[in-house]
Amino acid sequence: MMKEALTRFLNPKDTAESAAVVEIRVDEIVSNPFQPRTVFDEESIAELARTIQTHGVIQPIIVRRRNGKYELIAGERRWRAVKSLGWPTIPAIVKEMNDAQTASAALIENLQREGLTPIEEAVAYQQLIELHGLTQESLAQRLGKGQSTIANKLRLLHLPKEVHQALLTRKITERHARALLALPSEELQIRLLHECMEQGWNVRQMEERVQATLMGLERKPPARRSRRKGLSRDVRLAVNTIKQSVTMIERSGLQVSCEERDDEAYYEFIIRIPKPSGS
């Protein structure tokens, strides 16, 4: 499956399996800077090491020559497992790939395996889009995934870094994080994130808390209520309509920023709606 996905990004000759397998010294190999996986489960690596000790390295790693070393393209978990065993060499296939090809191979290999966190997956999608100048739709087609899957993952990148870290360490699920997208500010998102982790909310509880927060914002009186009383009925109706429209957009999941100013001569709104990635 990985080979089929790779051939959509690289030339078929670059993914050919006819290259010779050679033994390379473990200490001459360096990690891939394009590796999307930032957290490696030590217990999982230890389990893989036990399997390798019994059966050997069945699938060679893939590397390229880089600055007098061998840079990993695919197989970092196998490399780490062999290192932990203290073995001096590991079977490998040496490929000639440029940076874009190397990045694509590393990203796709990890996307085809289980274990990536939702935020690591989102970062990988974003990197592939930037590397190849793709739209969300074309990336989905190349990976054989639905466009909504790609879009939902990429939306996670709009959340604050604290939420990213919580996803990375698996303290919350992707559905928890997606519920936070409906909130209009990072401050609220971070506040509910902390409450969720402290109280151990499930997804439904998070969604209910988000909705209650949004309803509270709707009921909150405007900061300059005394001036609002002086507005005509038509102007008040227009202002309220705009605010309700912004709230509806936020409930759809978009992060909208809205600034308002009550001037002597007019009432001003500045509304910013972010464009989707790849548009």
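Everything numeric here is computed off the predicted structure, so don't read it as measured data. (Residues numbered from 1 in each chain as written. Predicted model: local features only at pLDDT ≥ 70, side-chain atom pairs only at ≥ 80, totals over all residues. Heavy atoms only, no water.)

Participant: Please explain the overall build of the chain as it appears in this structure.
Facilitator: Secondary structure summary: the chain contains 13 helices and seven strands in total. By the burial criterion, 41% of the 279 residues in the chain qualify as buried. Expressed as a percentage of contacts within the chain between residues at least 6 apart in sequence, the contacts between residues at least 24 apart total 69%. Surface accessibility of the chain: about 16000 Å² in total, with carbon and sulfur atoms responsible for 49%. (Helix = DSSP H or I, 4+ residues; strand = E, 2+ residues; numbered from the N terminus. Buried < 20%, exposed > 50% of the residue type's maximum accessible area, 1.4 Å probe, protein only. Contact = heavy atoms within 4.5 Å. Areas by Shrake-Rupley, 256 points an atom, 1.4 Å probe, with all protein chains shown as cover.)

Participant: Honestly, a negative patch on the surface in this entry has me stumped. Any pointers?
Facilitator: Judged by side-chain charge, Asp41, Glu42, Glu43 and Glu47 come together as a negatively charged surface patch. Structurally, aspartate 41 can be placed in the loop between strand 2 (29-30) and helix 2 (42-55). With relative accessibility at 48%, the residue aspartate 41 sits in the partly exposed group. (Patch = residues over 30% accessible without salt bridge, like charges linked within 9 Å, V, L, I, M, F, W, Y side chains within 5 Å. Salt bridge = Lys/Arg side-chain N within 4 Å of Asp/Glu carboxyl O. Lys, Arg positive; Asp, Glu negative; His and termini not counted. Charge placed at Lys NZ, Arg CZ, Asp CG, Glu CD.)

Participant: What is the right way to look at the packing of helix 4 (residues 99-111) against helix 5 (residues 118-132) in this model?
Facilitator: Each pair of packed helices gets described by two things: the angle between the helix axes and the distance between those axes. Their axes nearest at 10 Å, the elements helix 4 and helix 5 cross at an angle of 150°. Classified by the interaxial angle, the pair formed by helix 4 and helix 5 is roughly antiparallel. Of the two possible hands of crossing, helix 4 and helix 5 adopt the one that is left-handed. Where helix 4 approaches helix 5, its residues Ala100, Ala103, Ser104, Leu107, Ile108 and Leu111 are matched on the opposing element by Glu121, Ala124, Tyr125, Gln127, Leu128, Leu131 and His132. Residue composition of the contact of helix 4 with helix 5, grouped by class: nine nonpolar, three polar and one charged. (Axes fitted to C-alpha atoms, helices over the stretch in contact; angles between N-to-C directions. Parallel < 35°, antiparallel > 145°, perpendicular 65-115°, else oblique. Left-handed = near helix turned anticlockwise from the far one by under 90°. Nonpolar A, V, L, I, M, F, W, Y, C, P; charged D, E, K, R; others polar.)

Participant: What is the right way to look at the sheet that holds strand 1 (residues 21-25) in this model?
Facilitator: Strand pairing in a sheet relies on backbone hydrogen bonds, with the paired strands running either antiparallel or parallel. Sheet architecture is open: five strands sit in the order 1-5-3-4-2, paired in mixed fashion. Strands with a single pairing partner mark the edges of an open sheet, and in this sheet they are strand 1 and strand 2. Along the sheet face, helix 4 touches strand 3 (61-66) and strand 4 (69-74) and points at about 50° away from the line of strand 4. (Pairing = 2+ DSSP bridges.)

Participant: Teacher, can you tell me more about the nonpolar core here?
Facilitator: The nonpolar side chains of soluble globular proteins are, as a tendency, buried together. In this structure, Ile172, Leu180 and Val210 are the most contacted members of the largest nonpolar core, which totals 22 residues. For this core, the secondary-structure elements that each account for two or more residues are helix 8 (161-168), helix 9 (174-180), helix 10 (186-199) and helix 11 (203-219). Those residues in contact with isoleucine 172, other than ones at most four positions away along the chain, are Val163, Ala166, Leu167, Ala177, Leu193, Cys196 and Met197. Counting residues in each nonpolar core, the second largest holds 17 residues, with Ile61, Ala81, Ile90 and Ala92 among its members. (Core = buried A, V, L, I, M, F, W, Y, C linked by side-chain atoms within 4.5 Å.)

Participant: Explain helix 4 here, please?
Facilitator: Helical geometry: 3.6 residues make up each α-helical turn, so side chains three or four residues apart lie on a common side. The first and last C-alpha atoms of helix 4 sit 18 Å apart over 13 residues, in line with the 18 Å expected at 1.5 Å per residue. Along helix 4, 11 of the 13 residues are buried, which leaves the element largely enclosed by surrounding structure. Looking only at helix 4, the buried set comprises Gln101, Thr102, Ala103, Ser104, Ala105, Ala106, Leu107, Ile108, Glu109, Asn110 and Leu111. (Expected span 1.5 Å × (residues − 1).)

Participant: Where do I start with the pairing of strand 6 (residues 257-262) in this structure?
Facilitator: Each regular strand carries side chains that alternate between the two faces of the sheet. Pairing between strand 6 and strand 7 (residues 267-272): six bridges, direction antiparallel. By the bridge assignment, arginine 261 is partnered in strand 7 with glutamate 268. Where strand 6 hands over to strand 7, the hairpin turn is made up of four residues, counted between the paired strands.

Participant: When you look at helix 2 in this model, what are you seeing that I'm missing?
Facilitator: Given a rise of 1.5 Å per residue, 14 residues ought to cover 20 Å, and the 20 Å separating the end C-alpha atoms of helix 2 matches this to within 8%. Turning to helix 2, its buried residues are Ile45, Leu48, Ala49 and Ile52. Within helix 2, the buried residues cover an arc of 110° as seen down the axis, which keeps them to one side. Away from its buried face by more than 90 degrees, helix 2 exposes Glu43, Glu47, Arg50, Thr54 and His55. For helix 2, the elements touching its buried residues are helix 3 (76-85). Among the residues trailing helix 2, glycine 56 stands out with phi positive, at a value near 85°. (Arc of directions from axis to C-beta.)

Participant: What should I look at first to understand the packing of helix 5 against helix 7 (residues 147-155) in this one?
Facilitator: Close contact between helix 5 and helix 7 brings their axes to 8 Å; oriented N to C, the two are set at 110°. Between helix 5 and helix 7, the angle falls in the class roughly perpendicular. Residues Pro118, Glu121, Ala122, Tyr125, Gln126 and Ile129 of helix 5 lie in contact with helix 7, whose contacting residues are Ile150, Lys153 and Leu154. Its residues assigned to classes, the contact of helix 5 with helix 7 shows six nonpolar, one polar and two charged.

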